[in-house]
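Inside the fold
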Amino acid sequence: PLRRQRQMCIRDRVYRDCTGIPFLYENETIVIEGTPLPKGLAGNAFDKITIKPDSSRWNAENNGDISPKCSDLYDNGYSCANSDRGSVQQFFYRSDPITLAGQPNAAGWRFYWESSCCRPGDIVNVTTTGTTLLRAGIYRVPGSNDKDPCIDSSPQFSAYPTAIFCRGVEVNYNHNVIDTDLDSLVYSWDRPINPPFSSPVLLNYKNGFSPNNPTPDASFDSRNIPSTIDAATGQVKMAVYNGINTRRYITVSKVESYREGAKIAEVFREIPISVLSCPSLPNQKVNSQPKAVINGDTTLEYTLKATAGETINIRIEAIENDYRDSLNTQQQELSLRPEGIMFSSDRQSSSPCQVTFGKGQNLFVEPCAYMENLTPSLDTSKNPPKYTIQDTGSISTNFIWQTSCNHLFNQLGTPGTNEAIFNFVFNVQDDACPIPGSIAPTLTVQLRDPVPLTAPIMKGIDVDLK
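Keep in mind that this is a model prediction, so the values were computed, not measured. Numbering of residues starts from 1 in every chain and runs along the sequence as written. Two thresholds apply to this predicted model, a pLDDT of at least 70 for residue-level local features and 80 or more for giving and counting side-chain atom pairs, whereas whole-chain, interface and lining totals are computed over all residues. Each side-chain value is worked out from all heavy atoms of the structure, with water and hydrogens disregarded.

1. Considering the state of the cysteines
Disulfides are defined as cysteine sulfur pairs within 2.5 Å. By the definition in use, this model includes 4 disulfides. With a sulfur-sulfur separation of 1.9 Å, C166 is cross-linked through a disulfide to C278. Every disulfide takes its handedness from the sign of the S-S torsion; for C166 and C278 that torsion is -95°, giving left-handed. Placement of the pair is C166 in strand β10 (residues 164-166) and C278 in the loop between β19 (262-276) and β20 (291-294), with a sequence separation of 112 residues. C278 gets classed as partly exposed once you look at its relative accessible area, which sits at 23%. Here C353 connects covalently by a disulfide to C368, the sulfurs 2.1 Å from one another. An S-S torsion of about 115° defines the bridge between C353 and C368 as right-handed. Placement of C353 in the loop between β24 (333-339) and β25 (357-358) and of C368 in the loop between β26 (361-362) and β27 (370-372) is noted, with a sequence separation of 15 residues between them. The numbering of helices and of strands both runs from the N terminus, where a helix is a DSSP run of H or I of at least 4 residues and a strand a run of E of at least 2. The rule is simple: take the accessible area with a 1.4 Å probe, protein chains only, and divide by the maximum for that residue type; under 20% is buried, over 50% is exposed, in between is partly exposed.

Here is the structure:
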């Protein structure tokens, strides 16, 4: 995340495919491109930022291993220590406190980080791989100046990257992007780039692939579902049936944030995903994805329109039809993890919101959403711990949110036409090994302000009875 204020630290994460070359966990340099360049506290322009390893966090979070976790009742799960295909390792960085002052021109400030660690060589959807060049960008904020104490924080990918899938299974996932300023977000596919940062080189795609079609489509196998990303929610869907052994595909997700109709930031996540043939369950069946039911509809995407002041109370259900044993007597264990910037901090009614500011200023955003009936508890087995609901076979809980006009920050238009969009993601996973079945059903709330009532007009007659 890039945060424009007088004093700040840049925090960064790098994800490594564990079958690639070893990664040197040492100081790295982020290069800034743009005219004019940002200025430091003393007023001097600069074009480089040093980021340092956050080793204490890395050690505390399982040496960065974020391979899928599952039940050892089936098989051994994947791990980065074993260099298993599809396993992923993350590395944490942060800078010393710096000042990022000034205003970029129309082209913005572009931030690049170059590394040869993280992109495997056996990619099948591009013609070349080469050195990884990661990037982000920030742009002029409408109505701001370089004296603002905090103008904007860029969107952040809050979920671990989904990097491994079973062949022949329809999957969906969501990067759970949050923006603490509650700006509007737009999602899309993009393409990977190679150095130099002064003139990045776009990678070329092989026949049948493109930036908007990074995985095999029906031209490879009629059962394939091409990768799509929902522009409003970030929901990704895909299915790959063709191929043998492990196939890898580069994907690049882009998220742009907008304020008052102007783009003010963009972030990218490049992830090489692996598709492989998964082993059967003990009953010799292929592990299927859990099912989601939102407000009575079996769906992965549910949109609800509401007027500020309404209380939203809808049912969220997850259903698992697979079994742990060959006799079909032991149902799998399900976990449901609610994510979204407007959830309360522990997803319960008595807790405060996760966010207390928006649009670069302190704003009152409570009340926030929470779960009722089955409430999440802190799962300390995860690194870092996550608030999760767990049950066997199925989960049924209620999503509650008392909306208010506090949640509409830009009330500038005609009353009744102002709108804010909020996404709530319910990450659901079973415990099959080595790759759990997982889905990310998304609830989108389109919130509008109420239409003001006009003064009543009294009509009638006066009757004098004598």
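2. Some remarks on the pattern of salt bridges
The term salt bridge refers to a side-chain nitrogen of Lys or Arg lying within 4 Å of a carboxyl oxygen of Asp or Glu. Tallying each qualifying case throughout the model produces 18 salt bridges. Here K254 ties to D190 by a salt bridge, and the two come within 3.5 Å at their closest N and O atoms. You can see K254 sitting in strand β18 (residues 247-259) and its partner D190 sitting in strand β13 (residues 184-190), a full 64 residues away along the chain. The same class applies to K254 and to D190, which are both buried. Among the ionic pairs, E301 bridges to K237, the shortest N-O distance being 3.2 Å. Placement of E301 in strand β22 (residues 301-307) and of K237 in strand β17 (residues 236-239) is noted, with a sequence separation of 64 residues between them. When its relative accessible area of 27% is taken as the criterion, K237 is described as partly exposed. In this structure, a network of salt bridges that share partners links the residues R135, D190, K254, E256, K263 and E266.

3. What about the environment of R248?
Considering the arrangement of structural elements, one finds R248 in strand β18. Remark: the alpha-carbon pair of R248 and S274, spanning 26 residues in sequence, is separated by 4.5 Å. Residues are treated as being in contact if the distance between any of their heavy atoms lies within 4.5 Å. Look past the residues within four positions of R248 in its chain and what remains in contact with it is D17, T19, R85, G86, P120, D122, I123, V124, N125, I273 and S274. A polar contact of 2.9 Å, which involves the side chain of R248, links it to the side chain of D122. Two N or O atoms count as a polar contact when they lie within 3.5 Å, although within protein this holds only if one can serve as hydrogen donor and the other as acceptor, and sequence-adjacent residues are included solely when both atoms are side-chain atoms.

4. Some details on the packing of aromatic side chains
Two aromatic rings from Phe, Tyr or Trp, using only the six-membered ring of Trp, form a pair when their centres are within 6.5 Å; if the ring planes differ by under 30 degrees the pair is stacked, by over 60 it is edge-to-face, and anything between is tilted. Inspection of every chain in the model, using the stated rule, returns 16 aromatic pairs. With centroids separated by 5.2 Å and ring planes inclined at 80°, the aromatic side chains of F343 and F424 adopt a geometry described as edge-to-face. Residue F343 is located in the loop between β24 and β25, and its partner F424 is located in strand β31 (residues 419-429); the two are separated by 81 residues in the primary sequence. F424 sits in the buried class, given a relative accessible area of 0%. Measuring from centroid to centroid gives 4.8 Å for F399 and F424, while their planes differ by 65°, and the two rings are edge-to-face. With a gap of 25 residues between them, F399 in strand β30 (residues 394-402) and F424 in strand β31 connect regions that are remote in the sequence. These aromatic residues form a ring-pair network of at least three members: F343, F399, W401, F422, F424 and F426.

Take it as geometry only, folks, not as evidence of what the structure does.
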